[in-house]
Every structure is written in C-alpha cells, then in structure tokens.
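Here's the letter readout for the chains.
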Amino acid sequence: MPPTITAPLIRVGPPGPRARAIIQRDAEFVSPSYTRTYPFVIARGQGAVVEDVDGNLFLDCAAGIAVNSTGVSHPDVVRAIVEQAQKFLHMSGTDFYYEAQVALAREVAGIVPIAGPVRSFFGNSGAEANEAAIKLARYHTKRPFLIAFLGSFHGRTMGALSLTASRAVQRRGFGPTTAPGVFHAPYADCYRCPAGLKPATCQAECLDFLEEQTLVHLVTPDEVAAIVVEPIQGEGGYLVPPRQFHDRLQALARRHGMLLIVDEVQSGMGRTGRMFASEHYGLQPDIVTIAKGVASGLPLGIAAARAEVMDWTPGAHASTFGGNPVACAAALETIRLLRESLIANAAAVGAYLMDGVRELQQRHPLIGDVRGKGLMIGIELVRDRASKARATAERDEVVTEAFNRGLLILGAGRNALRLSPPLVLDRGQAETCLRILDEALSAVERRHGLVG
Ligand SMILES: Cc1ncc(COP(=O)(O)O)c(C=O)c1O
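The structure presented is a predicted model; accordingly, all values stated were derived computationally and were not measured.

Chemist: I'm lost on the site of the ligand in this one. Help?
Modeler: Inspection of the region around the ligand gives 13 residues, with Gly 126, Ala 127, Asp 263, Gln 266 and Lys 292 positioned closest. Between Gly 126 and the ligand, the recorded distance is 2.8 Å, taken from a backbone N or O atom to an oxygen atom. Within the contact set of the ligand, an oxygen atom lies 3.1 Å away from a side-chain nitrogen or oxygen of Lys 292. In isolation the ligand has 390 Å² of accessible area, and contact with the protein removes 82% of it. Per-element tally for the shell around the ligand: the top contributor is helix 5 (residues 126-141), with three residues. When its residues are assigned to classes, the shell around the ligand shows three nonpolar, six polar and four charged.

This is the structure:
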C-alpha cells in the first residue's frame, strides 16, 4: 500500500477471485464453528485502512473485534516486536524471569483502576484472563459461587463459558455446559428497561432481581466469591449502564465481602476515551481482566488484582505461553501510544462520531437507540420505534451493505451494530464511516419499505 492511503476503494466486488479461492480452502480445512459475517480476506493494512487480497481498500471500524487498538501494524509496535523477537521469542515466565514481563506488570499496576499495590497474572486471551480471575476469586475467598450477568460475554473456555450468557448457541451442545455455581442476573438495558424507568432517575431497579430473588432464594451472599461484570456490555449489544447500576453493584459486593471482578477485555485499553471504562463510573475492582487491545493484536490476557487478593502459592496457576515476551513488548509500546495520544483521540473522534450517528438517527427510522463512550459505539436497529421490534435481519443486511461499500463493521447483541475502530481513526475517516452507514441504512430501509 502507498504511504498515505484513503479508503474505501472497491476495485473488484468483494469477494474477488483471490478471496473466493481462500474462502473455499478455509471451508474445507478450518473449523466450521467460526462466525464469519462477510467474506473479507485481509492482505495487509495500515492504521484504520485494510486491503483485501484482491486489492480493495476498506475503512476498518471493526479492528479485529476491538483488538487493533493502535491500528494495523503500527510501526512503533512492530519495531518493539522485532527488537524483542531478535533477542528471544520465548522463555516461559512460569519458570524463568525476563524483563519485559516484569516491566509490563509494573506498568499495568500503574494504569488499572485498583487502589493500592497490584499484581498481574499473564495468559494468552480474554478467556484465560477470566479463567484466572475465577480461580483466584475462589482460591482467595474460599467461597464457591459467582454472580454474572445475562447478555455477558467472558470467553468460551469452560470456566469463562460458565460466566458467558450472551447467545445460547455458545452453550448449545456442550452440556452440562459449564462449571457449576454461577448465577446470572439481569444487566442494565436502559433502552428496554422492563420497569419502564429512565436512567436519569432510576435506582438501578434491574438489580432488584439479584438482591431480592437470587441472593434470597438461591444462594446466600456469604457463599459468593465474586461478582463478574463488564462495565459496558460488549457482545451483549454495547449496553451502557447508568452510574447507579455500578454504584449499587459495588456497594453490594463490599457489603457482603464478595470480590468485584471487572471484565475490561473489550472496554479497556483506551477504547472508551479513558484507559478503562471503570473510570467513567468510579469503579474500584478487586480484579480487572484485560486482553484484546492491550498488545495491538498479539495474544495476551492479563488478570490484575489487588496484591492482597493475589495470594495463591507457587504452582496454583500458570501458563507456558502466558506473558510471552514479544506480546509483552507489544503491550508496553501500545500503552505508551495510548497514553501519548490515542486515548485522547478516542475521546475526541468518538464524540464526533457519536454526534454524527445521532444525526443519522434523526433521519433513519431503523435506528432505535445510539449509545456508547469514546470509540465504543452501539447502534440498536428496530423495525418500528414504538414497538422496538428487533431488526435483526435488517442489522445483518446493513453490515453487508456497508461491507460492499468498503466499510468493515460488526454486529453486537441481537440487533445492534457496533463501531469499534482502531483508536487512530481520524475525523475524515469518521465522516467516511458516517457517509457509508447513511447509504447502507438507506438501502436496507428502501428494501423493507421503511421511511423516516
Ligand atoms: C468482555 C469480553 N471478555 C472476554 C472475551 C473473551 O476474549 P477472548 O476471545 O480473547 O478469549 C471477550 C471477547 O469478545 C469479551 O468481549
């Protein structure tokens, strides 16, 4: 690709011949469990622009599911990776020491919203970070049970899957699916509040079920090791709870000696315009789980905890690859870039993009709700604003229309679109994103006879 590139540029209607050939081989040899939304086959990328194998240029507002925080192959991150790779690729932080892992643990201690001394455990993914958090919570508290939320996504390994309650298909066929002892409670979905309340004035009544049913009829609070919560629900539809939801949850956890585990895998690392979404709410977790954007695309998962909580003994938990030195080097450089400019950019360009989407909402009957923080933006689509009937098929069509026009976006939840671009997105690219969204929404509305 040339040094400065603008997208989109569709040369061959995707998927072109090269993409089709790769997709055909994939269908033969790769696990069919993956959910590919559209036939995008990447060749390379730069910043928020990606090129497919047929030479089409796309604006990337998906970022490899909110992972490419610094954009595709940021040169500073690549340099840090190469420097570390030339020294050594692996030595296992489980059995030996190396500086990059210690340096990263120190850095993490300085950025997580945990008061006092902090220690970190390193794995390779969001799921592994949550596995570590679950085990640590049980180990430390000596209590067996966990509270999680409906709609949440915490990963697909068996322990993390016990927390995940996003889509039933993720559990289907694996029964008895999960580690026992997880109770799920309703999350805050203010657009669809079952009590018909408004976030400006409610008392987070969505937590009444947890407090007055679950913790009365199913489990006593003194047996609950931890509450596990996403500060903003990601896969569940980019749901943004009101402040009182997290205030009440935090108070509940403290009152009963439960640990508060905050899953910042998707919402963390600058995406919301703060280093962690917890900061928007004044949340002070006991354990924070981190992955996705932390290493700009290299596999890394971190469970950071109050040092006092992370009291397990040698051998209690470990991972051969976790905290790989190359991933740690990428993470150190990623954090530097986030601090230097990208968190501020996520806040500024995110606000601009959000204003633009709200403006689209005025003209597009499909858009029922717009929500988010920074560059974590959800757009919920409905067939009819009065009934709020979920426009799931229409959502999928908008995603495809956007792809055909050179914009990569993803769905979230049953009927929302998510915008989760790299945090390097600039205003011009935000405008392009809005223009294509506008066109894609119009095309789908026309097809379904919806008029504004
Ligand atoms: C909030 C959250 N937690 C955990 C995970 C699992 O991460 P991974 O896919 O790296 O295991 C995800 C992935 O989407 C996520 O969004």
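Next comes the rest of the description.
Chemist: Just checking my understanding: could you explain the pattern of salt bridges for this structure?
Modeler: A side chain with one charge can pair with a side chain of the opposite charge if their charged atoms come near. For the coordinates displayed, the defined rule picks out 29 salt bridges. Residue Asp 76 pairs with Arg 336 through a salt bridge whose shortest N-O separation is 3.3 Å. Separated by 260 residues along the polypeptide, Asp 76 in helix 3 (residues 75-87) and Arg 336 in helix 10 (residues 325-363) bring together distant segments of the chain. On the basis of relative accessibility, which here comes to 35%, the residue Arg 336 falls in the partly exposed class. Put simply, Arg 248 and Asp 208 hold a salt bridge, and the shortest N to O gap is 2.8 Å. Taken together, the residues span a long stretch of sequence, with Arg 248 in helix 8 (residues 243-255) and Asp 208 in helix 7 (residues 208-218) at a distance of 40 residues.

Chemist: Please clarify how the packing of aromatic side chains should be interpreted in this entry.
Modeler: Aromatic ring pairs: the centre-centre distance and the angle between the two ring planes describe each pair. One pass over the structure, following the stated rule, counts ten aromatic pairs. Judged by centre distance (5.1 Å) and plane angle (75°), the rings of Phe 40 and Phe 58 are edge-to-face. Here Phe 40, found in the loop between helix 1 (17-29) and strand 1 (42-46), pairs with Phe 58, found in strand 3 (residues 57-60); they are 18 residues apart in sequence, far enough to count as distant. Where Tyr 139 meets Trp 312, the ring centres are 6.3 Å apart and the plane angle is 65°; that geometry is what we call edge-to-face. Of this pair, Tyr 139 sits in helix 5 while Trp 312 sits in the loop between strand 10 (301-306) and helix 10, placing them 173 residues apart in sequence. Positioned over the ring face of Tyr 281 is Lys 373, at 6.0 Å from the centre of the ring. Above the ring of Tyr 191, the side-chain terminus of Lys 388 is found at 4.3 Å from the ring centroid.

Conventions adopted
Residues numbered from 1 in each chain as written. Predicted model: local features only at pLDDT ≥ 70, side-chain atom pairs only at ≥ 80, totals over all residues. Heavy atoms only, no water. Near = heavy atom within 4 Å. Polar contact = N/O pair within 3.5 Å; in protein donor to acceptor, adjacent residues only side chain to side chain. Areas by Shrake-Rupley, 256 points an atom, 1.4 Å probe, with all protein chains shown as cover. Helix = DSSP H or I, 4+ residues; strand = E, 2+ residues; numbered from the N terminus. Nonpolar A, V, L, I, M, F, W, Y, C, P; charged D, E, K, R; others polar. Salt bridge = Lys/Arg side-chain N within 4 Å of Asp/Glu carboxyl O. Buried < 20%, exposed > 50% of the residue type's maximum accessible area, 1.4 Å probe, protein only. Phe/Tyr/Trp six-rings, centres within 6.5 Å; stacked < 30°, edge-to-face > 60°. Lys NZ or Arg CZ within 6 Å of the ring centre and 35° of its normal.

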